Number of protein chains: 2
Amino acid sequence: MEIRNPYLMFLGDAPDQLAAKTANGVRQWRPEWCLGQLRLEGCKADIGLPDMTLEEAAGKGAKTLVIGVANRGGRIGTSWVDTMLKALDLGMDIASGLHNKVADIPEVARKAAELGRSIFDVRHPGRDFEVGTGARRPGKRLLTVGTDCSVGKMFTSLAIEKEMRSRGIKADFRATGQTGILIAGSGVSVDAVISDFISGATEFLAPANDPDHWDLIEGQGSLFHASYAGVSLGLLHGAQADALVLCHEPGRPHMRGLPHYKLPEIDECIALNERCARLTNPDARVVGIACNTSALSEEEMRRVLGDLSDRFGMPAVDPVRTGVAAIVDRLV
Amino acid sequence: MEIRNPYLMFLGDAPDQLAAKTANGVRQWRPEWCLGQLRLEGCKADIGLPDMTLEEAAGKGAKTLVIGVANRGGRIGTSWVDTMLKALDLGMDIASGLHNKVADIPEVARKAAELGRSIFDVRHPGRDFEVGTGARRPGKRLLTVGTDCSVGKMFTSLAIEKEMRSRGIKADFRATGQTGILIAGSGVSVDAVISDFISGATEFLAPANDPDHWDLIEGQGSLFHASYAGVSLGLLHGAQADALVLCHEPGRPHMRGLPHYKLPEIDECIALNERCARLTNPDARVVGIACNTSALSEEEMRRVLGDLSDRFGMPAVDPVRTGVAAIVDRLV
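Conventions used here
Residues numbered from 1 in each chain as written. Chains lettered and ligands numbered in written order. Predicted model: local features only at pLDDT ≥ 70, side-chain atom pairs only at ≥ 80, totals over all residues. Heavy atoms only, no water. Buried < 20%, exposed > 50% of the residue type's maximum accessible area, 1.4 Å probe, protein only. Helix = DSSP H or I, 4+ residues; strand = E, 2+ residues; numbered from the N terminus. Contact = heavy atoms within 4.5 Å. Least-squares fit on C-alpha atoms with pLDDT ≥ 70 in both. Salt bridge = Lys/Arg side-chain N within 4 Å of Asp/Glu carboxyl O. Polar contact = N/O pair within 3.5 Å; in protein donor to acceptor, adjacent residues only side chain to side chain. Axes fitted to C-alpha atoms, helices over the stretch in contact; angles between N-to-C directions. Parallel < 35°, antiparallel > 145°, perpendicular 65-115°, else oblique. Nonpolar A, V, L, I, M, F, W, Y, C, P; charged D, E, K, R; others polar.

### Digging into helix α7 (residues 198-205) of chain A
Consideration 1: Most of α7 of chain A is tucked away, with seven of its eight residues classed as buried.
Consideration 2: Among all positions in α7 of chain A, only Ile198, Ser199, Gly200, Ala201, Thr202, Glu203 and Leu205 of chain A are buried.
Consideration 3: Each element contacted by the buried residues of α7 of chain A is listed here: β7 (171-174), β8 (214-217) and α8 (229-239) of chain A together with α7 (198-205) and α8 (229-239) of chain B.

### Details of the relation of the copies chain A and chain B
Consideration 1: Superposition record for chain A on chain B: RMSD 0.0 Å, screw rotation 180 degrees, translation along axis 0.0 Å. Such values leave the two copies arranged in the relation of a two-fold axis.
Consideration 2: A share of 100% of interface residues in chain A that are also interface residues in chain B marks the association as one of identical surfaces.

### Looking at the interface of chain A and chain B
Consideration 1: On the side of chain B, 36 residues touch chain A, which itself brings 36 residues to the contact.
Consideration 2: Counting across the interface, chain A meets chain B through zero salt bridges.
Consideration 3: Inspection of the chain A/chain B interface yields 18 residue pairs in polar contact (both at pLDDT 80 or more).
Consideration 4: For the side of chain A that touches chain B, the secondary-structure elements that each account for two or more residues are α7, α8 and α9 (266-277) of chain A.
Consideration 5: Looking at the side of chain A that touches chain B, the element that brings in the most residues is α8 of chain A, giving six residues.

### What to know about the packing of helix α3 (residues 78-89) of chain A against helix α4 (residues 106-115) of chain A
Residue and element names in this part refer to chain A.
Consideration 1: Two elements in contact, α3 and α4, have axes separated by 10 Å at closest approach and are oriented at 0 degrees. Taken as axis vectors, α3 and α4 run roughly parallel relative to one another. The segment α3 lies against α4, with Val81, Met84, Leu85, Leu88 and Asp89 engaging Glu107, Val108, Lys111, Ala112 and Leu115.
Consideration 2: Classifying every residue of the contact of α3 with α4 by side-chain character gives seven nonpolar, no polar and three charged.

Distances and angles like these do not, on their own, reveal function.
Below, the structure is given as structure tokens:
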């Protein structure tokens, strides 16, 4: 399952910029795949691509209509369905990051089947997985882990991929969430996998590779998140990571969605991740800390990153503001 | 979803006694619910109940036909389907521990719908769950954890329920696997839940209760099992257990299904389970060790249990050979 590019990015009638967050992520990391954006009447989002009709996009060779927008209340309206049907008629596949499955819309599923087009509902694993075996496999792997959800694991993994590729290192981002899958063109939404198969799905996602090849695996959740830690542990075991990068947002008041839970300390987060990771890779270690310091001044950022780096003896970076070169330096 | 009893236990054409393991577990723990057994031609299993036709069982008030037998190669033959259809006609529901869903057999599903009967495919959660919140809830909870899979977690949980009830303590076994669910009449097959909802499903399974009520939650897998640890961690967080009982089989050569993984040491297994459990219940602690010593002589068993008890300062029992009274003593 590989999503074909180039993409036409569908923003629908997004009520604000945030609703098009997924589309924006794809444009940011894969600008060369994004031909243009398609906006319906009333759309308040703009991801900075040329506006384009379906026909124009098809004329320029668009292979996939990417639905990278949140829909209101889970309802997929008629205007969206009409757009999808027409895209199929014009030769495009559909890839969607919606919660609801596009493949569950009867007329869209029917037309796709008739025309031999593919529908990628990237939040839903479209296949079964084997149970994980924990058997060692060649190739190098890095997994981003976190003190919490939504602390920049995808961004950090992608930034490391970019930095490694710029140095000529063989490296592939491995996506585990919907935005990441649209960016990578493939991947597994691990939080939607049946729980017996979390580590197995991760083994499938990051298979045996060349000894000098790096898989950069997008982490999910946190071992310290009371809702999602099972997913994080399955990922950690399945990844067999040689290197872990700890992602963190300094100053966050509590765990995301859980006001009654405070964030773990960095040292205990490093210790528990290393301890658990070593079940399947005895050499696993945390090699760097990646912070989202967007709430801090330049001076505060320097102080926070300096303190973390001194305290833990490893690079501490903000992937947006400082880049991740210091972490890659340490790996090569 | 509560499976109605009494049960008629269906053994089909089980090729040997092991194929009827689930039915045997139900008979062992809920003899008062088991009216009889129904065996087809060629059945080599016998769980020690009176043989009974569907009509005889219906006449004695059987409410549910329980399919507690493994089928060969995942195929459900005509003779099984005929039995199910007739049971529905005679007023029974169907509860099945098969991998394949009975509800996916069109003629059985159709008849059940027509007659208003229920089909319980206990390996498949028949509902959606909320994401876990980690919010504290009243009532006391005990979870069995393990050095490995299949080390007696269900048996130990049931033995503790029985011991507690015999002392007049309010206690309920909470089932997380197919045999346990047929024994309890309800439960959630947690390893079949979507991975984002493992802890949420566990919170649903063992909800708020009286302050002096004990839920005895059947554990699954092990934090040290490379295939299934994600399930174990979600269970540990969702259970919010006050007490953990560590289950173990002394002398087991390697992790179940993973010849390349040895078993963890007892001390590290206690430490990691307590550490992770304390995220959602800071008072969580391991209160006893339950061993399956069936491979040991009486003398060896005494020595092994005595050593464990001395070393860890807590009761070490074999639920089958010594009972679990020493663990319950410690809890009350």
